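A look at the structure
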Amino acid sequence: MLKRINQALPELLLGILAYGAAVQLVGMWFAGDKVRYSIGLWAGIALAMGMAVNMAIVILDTVDAMAEKRAYRKAALYSVLRYLAAVLAFLAVWYFGIGNLVAMFAGVMGLKASAYLQPVTHKTIVAIQEKNLYSRRTKKR
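Please read these numbers as outputs of a predicted model, since none were measured by experiment.

**Some details on the packing of helix 2 (residues 9-30) against helix 3 (residues 34-64)**
- Close contact between helix 2 and helix 3 brings their axes to 10 Å; oriented N to C, the two are set at 165°. The orientation of helix 2 relative to helix 3 falls into the category roughly antiparallel. In the packing of helix 2 onto helix 3, the handedness of the crossing is right-handed. Between helix 2, through Leu9, Leu12, Leu13, Ile16, Leu17, Tyr19, Gly20, Ala21, Val23, Gln24, Gly27 and Met28, and helix 3, the contact on the second element is made entirely by Lys34, Tyr37, Ser38, Leu41, Trp42, Ile45, Ala48, Met49, Ala52, Val53 and Ala56.
- Along the lines of polarity and charge, the residues of the contact of helix 2 with helix 3 split into 18 nonpolar, 4 polar and 1 charged.

Below you can see the structure in the form of structure tokens.
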């Protein structure tokens, strides 16, 4: 389903999860309160994944509605709503004290890291798929 929205979206989400796992492993060595660190980080990762899906849907809608003059305004509105949701999520974590805000910010930055590493992620996934396809063909013989 995600590939129907955007071809790169599944790879982007996989990259965000891999980034989250790496930051979780590294950060656990340095975090004072490991529970709040983990909650903040994974709240940020979830927020980054939600933002990625929202951006992909907005891009799809904007491309489909390019003939309309409202396409730009609609994309801008969704962008503002996306950032408003991010601010509200940060405020909720801060107000209730359930997670580390710095770790949450690091989790949200997974969206950026994954976007930059998406070509590498794509090449890795294609190589793994080709290897599996080749091994299946040789086993049938």
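Structure shown, so let's carry the discussion forward.
**Brief notes about the confidence of the model for the protein**
- Per-residue pLDDT for the protein averages 86, and the proportion of residues at 70 or more is 87%.
- Confidence, read as mean pLDDT per element, is least for helix 1 (residues 2-5) in the protein (62) and greatest for helix 5 (residues 101-108) (95).

**Notes on helix 2**
- Taking 1.5 Å as the rise per residue, helix 2 with 22 residues should run 32 Å; its terminal C-alpha atoms sit 32 Å apart, in good agreement.
- Within helix 2, the full set of buried residues consists of Leu9, Glu11, Leu12, Leu13, Gly15, Ile16, Gly20, Val23, Gln24 and Gly27.

**Looking at the nonpolar core**
- Residues Ile16, Ala52 and Leu111 are the most contacted members of the largest nonpolar core, which totals 20 residues.
- Of all the secondary-structure elements, those providing two or more residues to this core are helix 2, helix 3, helix 4 (71-96) and helix 5.
- Counting residues per element, this core draws most heavily on helix 3, at 8 residues.
- With residues near it in sequence (within four places) discarded, Leu111 still touches Leu12, Ile16, Ala48, Met51, Ala52 and Met55.

**Examining the packing of aromatic side chains**
- Within the structure shown, the criterion is met by 1 aromatic pair.
- Between Tyr95 and Phe96, the ring centres sit 5.1 Å apart and the planes meet at 80°, which makes this aromatic pair edge-to-face.
- Among the residues examined, Tyr95 registers a relative accessible area of 62% and is labelled exposed.

The rules we used
Residues numbered from 1 in each chain as written. Predicted model: local features only at pLDDT ≥ 70, side-chain atom pairs only at ≥ 80, totals over all residues. Heavy atoms only, no water. Axes fitted to C-alpha atoms, helices over the stretch in contact; angles between N-to-C directions. Helix = DSSP H or I, 4+ residues; strand = E, 2+ residues; numbered from the N terminus. Parallel < 35°, antiparallel > 145°, perpendicular 65-115°, else oblique. Left-handed = near helix turned anticlockwise from the far one by under 90°. Contact = heavy atoms within 4.5 Å. Nonpolar A, V, L, I, M, F, W, Y, C, P; charged D, E, K, R; others polar. pLDDT = per-residue confidence, 0-100. Expected span 1.5 Å × (residues − 1). Buried < 20%, exposed > 50% of the residue type's maximum accessible area, 1.4 Å probe, protein only. Core = buried A, V, L, I, M, F, W, Y, C linked by side-chain atoms within 4.5 Å. Phe/Tyr/Trp six-rings, centres within 6.5 Å; stacked < 30°, edge-to-face > 60°.

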